[in-house]
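In case you want the letters, here they are:
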Amino acid sequence: MNDRVVVIVGATGGIGSHLSHLLAAAGARLVLAGRSSEKLTQLQELLPPGAIAVPTDIRSPEQCHHLMDRAIAEFGHVDVLVNAAGAGVMKQFNKIEPADLDHMLEVNLKGSFYAAQAATNVMKDRKTGHICNVIGILGKHSMAMASAYCAAKFGVVGWSKCMADEVRRFGIKVTLFYFGGVDTPFWDGVSLKVDRSKMLSPETAAKAIMFALSVEPQAVPLEINIQPESHLFF
Ligand SMILES: NC(=O)c1ccc[n+]([C@@H]2O[C@H](COP(=O)([O-])OP(=O)(O)OC[C@H]3O[C@@H](n4cnc5c(N)ncnc54)[C@H](OP(=O)(O)O)[C@@H]3O)[C@@H](O)[C@H]2O)c1
């Protein structure tokens, strides 16, 4: 991982912050992104010196391009984008408001798309790169109360696979992560009864992403699927 430049959107989240610590310990040069500058500064202070923080709302394509520009200004290039930003709305299908659906599509579907578009744009010329999309198992399986979330996450799988087909000729790898429930602040805002003690730990999710980033150059981990034993989707 030494000296690789890794942009993490959602760096301050449960998965993103654990990953930031693992990557920093492995010698990566980090670009931390999320909306809240306060949360970014808090994370930055816990990491070894060198990581930069770039407040970014991924719903804005301009801010995603600015994020990559800042990474290049600081480190010269971008090796990896980890798309680990997102939010959840879990409600009965008939209770989903237009604003709920917009929120899921804006952040989870379009935001991650814009971040990947900005990243691949700067990776193409160097003919190397890696996009890690933290999608979740609800990108390939259905669950009651998750219609708006699934609408976005199934969509992420769709555009990710199309993107992968296009960017492979530029040496850019794409890995899709299908984690089951991970015990993070994601669930604080979700009005659904869940047993967080049975979920995966954010360390497990972060280690899986580390694995994908550490394989030999000729290997491409296309998909990593990890589920908690209590809630298996095959
Ligand atoms: N937790 C799970 O059970 C689970 C399972 C599978 C997949 N996932 C997916 O994994 C990803 C990370 O989840 P998590 O559990 O780590 O969530 P989390 O702890 O709630 O963190 C979410 C992160 O996304 C950032 N974020 C939210 N909206 C953003 C926006 N518009 N622009 C930029 N950053 C934004 C947040 O920072 P700010 O609020 O400061 O912007 C925060 O850093 C999400 O895509 C989620 O859907 C989660």
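Everything here concerns the structure above.
A quick note: this is a predicted structure, and the numbers were derived from the prediction, not measured. (Residues numbered from 1 in each chain as written. Predicted model: local features only at pLDDT ≥ 70, side-chain atom pairs only at ≥ 80, totals over all residues.)

Chemist: Quick question: what am I supposed to make of the overall build of the chain here?
Modeler: The helix and strand inventory of the chain stands at six helices and seven strands. In terms of overall size, the chain behaves like a compact globule, its C-alpha atoms giving a radius of gyration of 17 Å where 234 residues would be expected to give roughly 17 Å. C-alpha extents for the chain along the principal axes are approximately 50 × 40 × 35 Å. Once local pairs closer than 6 in sequence are excluded, the contacts in the chain between residues at least 24 apart make up 67%. (Helix = DSSP H or I, 4+ residues; strand = E, 2+ residues; numbered from the N terminus. Rg over C-alpha atoms; globule rule 2.2 N^0.38 Å. Contact = placed C-beta atoms within 7 Å.)

Chemist: Looking at this model, I keep getting lost on the nonpolar core. Mind explaining?
Modeler: Nonpolar side chains in soluble globular proteins generally cluster together in the buried interior. Counting residues in each nonpolar core, the largest one holds 67 residues, and the members touching the most others are Val7, Ile8, Leu32, Leu81, Val82, Ala119 and Ile209. Considering each element in turn, this core owes the most residues, nine residues, to helix H4 (residues 98–123). The contacts of Ala119, once residues within four sequence positions are left out, are Val7, Met68, Val78, Leu81 and Ile131. (Core = buried A, V, L, I, M, F, W, Y, C linked by C-beta atoms within 7 Å. Buried ≥ 20, exposed ≤ 12 C-beta atoms within 10 Å, placed from the backbone.)

Chemist: Would you explain the sheet that holds strand E7 (residues 223–226) in this entry?
Modeler: Each strand in a sheet pairs with its neighbour through backbone hydrogen bonds, running either in the same direction (parallel) or in the opposite one (antiparallel). Read across the open sheet, the seven strands follow the order E3-E2-E1-E4-E5-E6-E7; overall the sheet is parallel. Two strands close off the open sheet at either side, each with one partner strand: strand E3 (52–55) and E7. When the angles between neighbouring strand axes are averaged without regard to direction, this sheet yields 15°. In this sheet, strand E2 (residues 29–34) lies alongside strand E1 (residues 5–9) in parallel orientation, the contact comprising five bridges. Looking at the pairing, Val6 lines up with Leu30 of E2. (Pairing = 2+ DSSP bridges. Axes fitted to C-alpha atoms, helices over the stretch in contact; angles between N-to-C directions.)

Chemist: Please explain the site of the ligand as it appears in this structure.
Modeler: Surrounding the ligand, one finds 30 residues, the nearest of these being Gly13, Arg35, Gly86, Gly136 and Thr184. Among the elements of the structure, helix H1 (14–25) and H4 are those that each provide at least two residues to the shell around the ligand. Considered class by class, the residues forming the shell around the ligand number 12 nonpolar, 14 polar and four charged. (Near = placed C-beta within 6 Å. Nonpolar A, V, L, I, M, F, W, Y, C, P; charged D, E, K, R; others polar.)

Chemist: I keep staring at the pairing of E2 and nothing clicks. Help me out?
Modeler: Of all the six residues making up E2, six are buried; the element is thus mostly covered by neighbouring parts of the structure. A two-sided burial pattern is seen for E2, the buried positions comprising Arg29, Val31 and Ala33 on one face and Leu30, Leu32 and Gly34 on the other. Each parallel crossover has a hand, and the one from E1 via H1 to E2 is right-handed. What joins E2 to E3 is helix H2 (residues 37–46), and the crossover it makes is right-handed. (Right-handed = clockwise from strand over helix to strand, strands pointing away.)

Chemist: What should I look at first to understand the pairing of strand E4 (residues 80–83) in this one?
Modeler: Looking along a regular strand, one sees side chains alternate from face to face of the sheet. Side chains Val80 and Val82 of E4 all project onto a buried face; the interleaved residues Leu81 and Asn83 project onto the opposite face, where all are buried too. Here four bridges tie E1 to E4, and the two strands are oriented parallel to one another. Counterpart to Val9 in the pairing with E4 is Asn83. Sheet topology places E4 next to strand E5 (residues 129–134); four bridges connect them, and they run parallel. Considered in E5, the bridge of Leu81 is made with Ile131. The parallel pair E4 and E5, bridged by H4, forms a crossover whose chirality is right-handed.

Chemist: Teacher, can you tell me more about helix H6 (residues 202–214) here?
Modeler: Because an α-helix packs 3.6 residues into every turn, residues spaced three or four apart end up facing the same way. Compared with an ideal rise of 1.5 Å per residue, which puts 13 residues at 18 Å, H6 spans 18 Å between its outermost C-alpha atoms and is within 8% of the ideal. For H6, every residue scored as buried is listed here: Pro202, Ala205, Ala206, Ala208, Ile209, Ala212 and Leu213. In a view along the axis of H6, the buried residues occupy a sector of 155°, so they form one face of it. What points out from H6, more than 90 degrees from its buried face, is the exposed set Phe211 and Ser214. Where H6 is buried, its residues meet H1, E4, E5, strand E6 (172–179) and E7. (Expected span 1.5 Å × (residues − 1). Arc of directions from axis to C-beta.)

Chemist: When you look at the packing of helix H3 (residues 61–75) against H4 in this model, what are you seeing that I'm missing?
Modeler: Between two packed helices, the angle of one axis relative to the other and the distance separating the axes together describe the packing. Interaxial distance between H3 and H4 falls to 8 Å at its minimum, and their mutual angle equals 40°. The interaxial crossing formed by H3 with H4 has right-handed handedness. Residues Pro61, Cys64, His65, Leu67, Met68 and Ile72 of H3 lie in contact with H4, whose contacting residues are Tyr114, Ala115, Ala118, Ala119 and Val122. Considering only residue class, the contact of H3 with H4 consists of 10 nonpolar, one polar and no charged. (Left-handed = near helix turned anticlockwise from the far one by under 90°.)

Chemist: Whenever I open this one, the packing of H1 against H6 confuses me. Can you help?
Modeler: At a closest axis distance of 8 Å, the pairing of H1 and H6 adopts a crossing angle of 55°. In terms of their interaxial angle, H1 and H6 are classed as oblique. The two elements H1 and H6 cross, and the hand of that crossing is right-handed. Across from Gly14, Ile15, His18, Leu19 and Leu22 in H1, the residues of H6 making contact are Pro202, Glu203, Ala205, Ala206, Lys207, Ile209 and Met210. (Parallel < 35°, antiparallel > 145°, perpendicular 65-115°, else oblique.)

By themselves these figures say nothing about function.
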